[in-house]
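# Report on the structure
Each chain is listed here by its residues.
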Amino acid sequence: MNDDESMTQAAIDAEFHATRGIGNRINALAQAELAVAAVDELPADVQERLDRAIAAALDEFGPHHA
C-alpha cells in the first residue's frame, strides 16, 4: 500500500471505501468495550448480542481474512 502523499485522491477514496466496513466494525467494538466497562454485569440478553457481534466480526475479518 502506498502512503497518502504518493496516492491520488481517487486512490485514497477507493482505499477508504474498501476499508470502511472493517473501520465501522472496529468502532462498534470499541464503543461496546466502553459500554461493558461502564457496568459491572451485563444482562444476559445484552451479553449474548455482544458475543454474537464479536463472533460475526471475527468470522468476517479474523486472521484468515486477507
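Above this note sits the structure.
My aim in this report is to walk through the structure given alongside it, one point at a time. Given the structure is predicted, the values throughout are model-derived calculations rather than measurements.

## Looking at the overall build of the protein chain
Regarding its fold elements, the protein chain presents 2 helices and 0 strands. Out of the 66 residues belonging to the protein chain, those deemed buried represent 9%. Put simply, the protein chain shows about 5,500 Å² of open surface, and 56% of that area lies on carbon and sulfur atoms.

## So, the environment of Ile26
Secondary-structure assignment places Ile26 in helix 1 (residues 9-37). Ile26 sits 28 residues away from Ile54 along the chain, and the two C-alpha atoms are 9.8 Å apart.

## Let's talk about the packing of helix 1 against helix 2 (residues 44-61)
It is the contact of helix 1 with helix 2, at a shortest axis distance of 11 Å, that shows an interaxial angle of 150 degrees. Taken together, the axis directions place helix 1 and helix 2 in an arrangement best described as roughly antiparallel. Two packed elements cross with a definite hand, and for helix 1 against helix 2 that hand is left-handed. Facing helix 1, whose interface residues are Ile22, Arg25, Leu29, Ala32 and Val36, helix 2 presents Leu50, Ile54, Ala57, Glu60 and Phe61.

## Digging into helix 1
If you check helix 1, its first and last C-alpha atoms are 39 Å apart, about what 29 residues at 1.5 Å a residue would give, namely 42 Å. Maximum bend of helix 1: about 50 degrees, positioned at Arg20.

Conventions and cut-offs
Residues numbered from 1 in each chain as written. Predicted model: local features only at pLDDT ≥ 70, side-chain atom pairs only at ≥ 80, totals over all residues. Heavy atoms only, no water. Helix = DSSP H or I, 4+ residues; strand = E, 2+ residues; numbered from the N terminus. Buried < 20%, exposed > 50% of the residue type's maximum accessible area, 1.4 Å probe, protein only. Areas by Shrake-Rupley, 256 points an atom, 1.4 Å probe, with all protein chains shown as cover. Axes fitted to C-alpha atoms, helices over the stretch in contact; angles between N-to-C directions. Parallel < 35°, antiparallel > 145°, perpendicular 65-115°, else oblique. Left-handed = near helix turned anticlockwise from the far one by under 90°. Contact = heavy atoms within 4.5 Å. Expected span 1.5 Å × (residues − 1). Bend = angle between axes of the 7 residues up to and from the residue.

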